[in-house]
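The chain contents come next:
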Amino acid sequence: MTYDILRFLHVMGAIVLLGTGAGIAFFMVVSNRSNDARLIAHVAGIVVLADTLFTATAAIFQPVTGYLLAREAGWPILQGWIAWSLLLYVFVGAFWLPVVWMQIRMRDLAVAARDTGAPLPEQYYRLFRWWFAFGFPAFGAMLTIVWLMLTKPSF
């Protein structure tokens, strides 16, 4: 029974990570296309909140449930598909942590533009391009981790 509960929690964590990440990306991209500082400030505020409440929480609990699940199943943590999953998880984190800072900075720039009636500054658009680019390798790595979890290939 413990295995089933841990597996459920681990799968739910993966769903939250992927779902929140995809949702955040969608809403940021759509709001950015408007060039409306008011809309972008509002959406970016929600994105920062969602990343804090959902993504960060799941990101912390995912390796915990993964470790407990592997231990319960008797899988070696630092070998094979689990080792690759852990390496990819660190890779994702290396992209996600700067993205969090970028989102906060983009929100603040949009809020300042909204409050002063100024257009969004070039720094906002530069950050957005970096934010957008960082999403591809991180999301691809997350999909690869899910594939590894589902197929458990032998290496």
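Refer to the structure printed above.
Everything numeric in this text was worked out from a predicted model, so none of it was measured.

Check the secondary structure of the protein chain and you find four helices and zero strands. Along the chain direction, N to C, the helices and strands of the protein chain fall in the order α-α-α-α. Counting only contacts in the protein chain whose residues sit at least 6 apart along the sequence, the fraction spanning at least 24 positions is 76%. Total accessible area on the protein chain stands at roughly 9,100 Å², and carbon and sulfur atoms take up 72% of it. Looking at charge distribution, the protein chain has the averaged site of its 10 positive side-chain charges lying 4 Å from that of its 7 negative ones.

Side chains of Met 1, Ile 5, Phe 8, Leu 9, Val 11, Met 12 and Ile 15 sit close together on the surface and give an oily, nonpolar patch of about 700 Å² of accessible area. Looking at where Met 12 falls in the secondary structure, it is placed in helix α1 (residues 2-34).

About the thresholds
- Residues take numbers from 1 onward in each chain, read along the sequence in its written order.
- Where local features are concerned, this predicted model is filtered to residues with pLDDT of at least 70; where side-chain atom pairs are given and counted, the filter is 80 or more; whole-chain, interface and lining totals use all residues.
- To obtain the side-chain values, all non-hydrogen atoms of the structure were used and water was disregarded.
- A helix here means a DSSP run of H or I that spans at least four residues, while a strand means a run of E at least two residues long, and both kinds are numbered starting from the N terminus.
- Residue contacts are counted whenever heavy atoms from the two residues lie within 4.5 Å of one another.
- Each accessible area is a Shrake-Rupley result for a 1.4 Å probe, and residues are judged covered by the shown protein chains and nothing else.
- For the purpose of charge, His is not counted, nor are the chain termini; Lys and Arg are scored as positive and Asp and Glu as negative.
- Every charge is mapped to an atom, namely NZ of Lys, CZ of Arg, CG of Asp or CD of Glu.
- Patch members must show over 30% relative accessible area and no salt bridge, and they are joined within 9 Å when carrying like charges or within 5 Å when they are nonpolar side chains of Val, Leu, Ile, Met, Phe, Trp or Tyr.
- Any carboxyl oxygen of Asp or Glu within 4 Å of a side-chain nitrogen of Lys or Arg constitutes a salt bridge here.

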